[in-house]
Amino acid sequence: MKTLILIALLAVTIAVMVVIIDQNERMIDKLITVDTFYSFLANRDEPGTFHFYLSDLDNPLTEEDSYQHVFITNEDGSKQIEIDLRDITIRHQEEHLNERYWKIDLTFSIPNLSHDFVIESCFLDLTLIDRSNVSVYLGSVHFLIAENDDRTLDWHALYGVKEENAFLSRIESIRLELNENIDVIEARYGVDRYAGIEERDGTIILRIPKEAQLLYNIPVILRYVLDSVEHVTIIENFKYVLDYQILSESGPLIHVYTFD
């Protein structure tokens, strides 16, 4: 009988330890980024936004006053820009591997630049007031020096379309329904990124090439001809796709970081 009691106590102890270990593992504070193509118009009044996900809202990264410096940089730090943080916004919750995360928007002023600037493998480097540092992968970041547009298009609809049956939060095409006939010469949405151009029943279709990155908020610089005169129209950054399950649909694009 004593042997049975000891075995039962041992089993209970092991079970309790497993539960404690499991709870400790779940309580580890984590940050997630998703490989994304970010493109912004430089030297404009509109701010830019980067995104990441946090498992714990008590993390100092949710408080604007916690930040001392914010840089975007390549991996070895040889190419970087400091950005001016404007606001931090807590968005909706999503799930990844049975854990809940809050989406965090980090809004900043677009840097004042004299030329195009690109970091294709870009990291967000955050220094907090306690001197701790967090460096996380963002994806590709483009700042475009756009020429001045000289005309406003006469259009009645602008929207983005994802690839059919695709889960990834990525624009497959942008549709621009016009009230006039134009001949589009070029459509640029990044420093060296150009959309394919189609025209169908008064709708301009801009085809975005496939890449293994999220892409849902971009500007478009249109160069076109109307009445034998060449014009430029700039469509400011617009969020063409709204997804609320990015973490469950982005697979290998996800980067997970833990805090000590």
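As a reminder, the structure under discussion sits directly above these lines.
Calculation criteria
- Residues numbered from 1 in each chain as written.
- Predicted model: local features only at pLDDT ≥ 70, side-chain atom pairs only at ≥ 80, totals over all residues.
- Heavy atoms only, no water.
- Helix = DSSP H or I, 4+ residues; strand = E, 2+ residues; numbered from the N terminus.
- Buried < 20%, exposed > 50% of the residue type's maximum accessible area, 1.4 Å probe, protein only.
- Core = buried A, V, L, I, M, F, W, Y, C linked by side-chain atoms within 4.5 Å.
- Contact = heavy atoms within 4.5 Å.
- Pairing = 2+ DSSP bridges.
- Phe/Tyr/Trp six-rings, centres within 6.5 Å; stacked < 30°, edge-to-face > 60°.
- Lys NZ or Arg CZ within 6 Å of the ring centre and 35° of its normal.
- Salt bridge = Lys/Arg side-chain N within 4 Å of Asp/Glu carboxyl O.

Enquirer: I'm lost on unusual backbone geometry in this one. Help?
Expert: Peptide bonds are, in most cases, trans, and in most cases residues other than glycine have a negative phi. Of note, the phi angle at Asn165 is positive, near 65 degrees, even though the residue is not glycine. Following the sequence through the fold, Asn165 ends up in the loop between β10 (155-162) and β11 (171-178). Under the relative-accessibility criterion, Asn165 is labelled exposed at 72%. At Ser228, a position not held by glycine, the phi torsion is positive, near 70 degrees. Overall, Ser228 belongs to the exposed group, its relative accessible area being 74%.

Enquirer: Explain the nonpolar core to me, please; I cannot follow it from the model alone.
Expert: A general tendency of soluble globular proteins is for nonpolar side chains to be buried together. In this structure, Val34, Ile218, Leu222 and Tyr240 are the most contacted members of the largest nonpolar core, which totals 34 residues. No other element matches the five residues that strand β16 (residues 217-226) contributes to this core. When residues no more than four places from it in sequence are discounted, the contact partners of Ile218 are Phe37, Ser39, Ile171, Ile174, Tyr189, Ile208, Glu236, Asn237, Phe238 and Tyr240. Ranked by size, the runner-up nonpolar core spans 31 residues in total, among them Leu54, Ile88, Leu126 and Leu138.

Enquirer: Help me out: how do you make sense of the sheet that holds β16 in this one?
Expert: The strands making up a sheet associate through backbone hydrogen bonding, with each pair oriented either parallel or antiparallel. Strands sit in the order β13-β12-β16-β17 across an open sheet of four strands; the sheet is antiparallel. Edge strands, defined here as strands with exactly one partner in the open sheet, are β13 (193-194) and β17 (229-239). Summarising the sheet, β16 and β17 pair through nine bridges and their orientation is antiparallel. The residue of β17 that forms the bridge with Leu222 is Thr233.

Enquirer: Can you help me understand the packing of aromatic side chains in this one?
Expert: In this description, a pair of aromatic rings is defined by centroid distance and the angle of the planes. Applying the stated criterion across every chain, the model contains nine aromatic pairs. With a centroid separation of 5.9 Å and an interplanar angle of 70 degrees, the aromatic rings of Phe37 and Tyr189 are classed as edge-to-face. Here Phe37, found in strand β2 (residues 36-41), pairs with Tyr189, found in strand β12 (residues 183-190); they are 152 residues apart in sequence, far enough to count as distant. Tyr189 matches Phe37 in its accessibility class, with the two residues each being buried. The positively charged end of Lys79 is found above the aromatic ring belonging to Phe117, 5.1 Å away from the centroid.

Enquirer: What am I meant to see in the pattern of salt bridges here?
Expert: Oppositely charged side chains can pair when the atoms bearing their charge come close. A complete count under the given rule lists 14 salt bridges for this structure. Glu172 is the partner of Arg207 in a salt bridge, and the nearest nitrogen-oxygen pair spans 2.8 Å. Remark: Glu172 occurs in strand β11 and Arg207 occurs in strand β15 (residues 203-207); sequence separation between them is 35 residues. The class for Arg207 is partly exposed, based on a relative accessible area of 23%. The salt bridge involving Arg223 is made with Glu230; its shortest N-O contact spans 3.0 Å. For Arg223, a relative accessible area of 22% translates into the label partly exposed. Shared partners join several salt bridges into a network, and the residues in it are Glu120, Asp192, Arg193 and Glu211.

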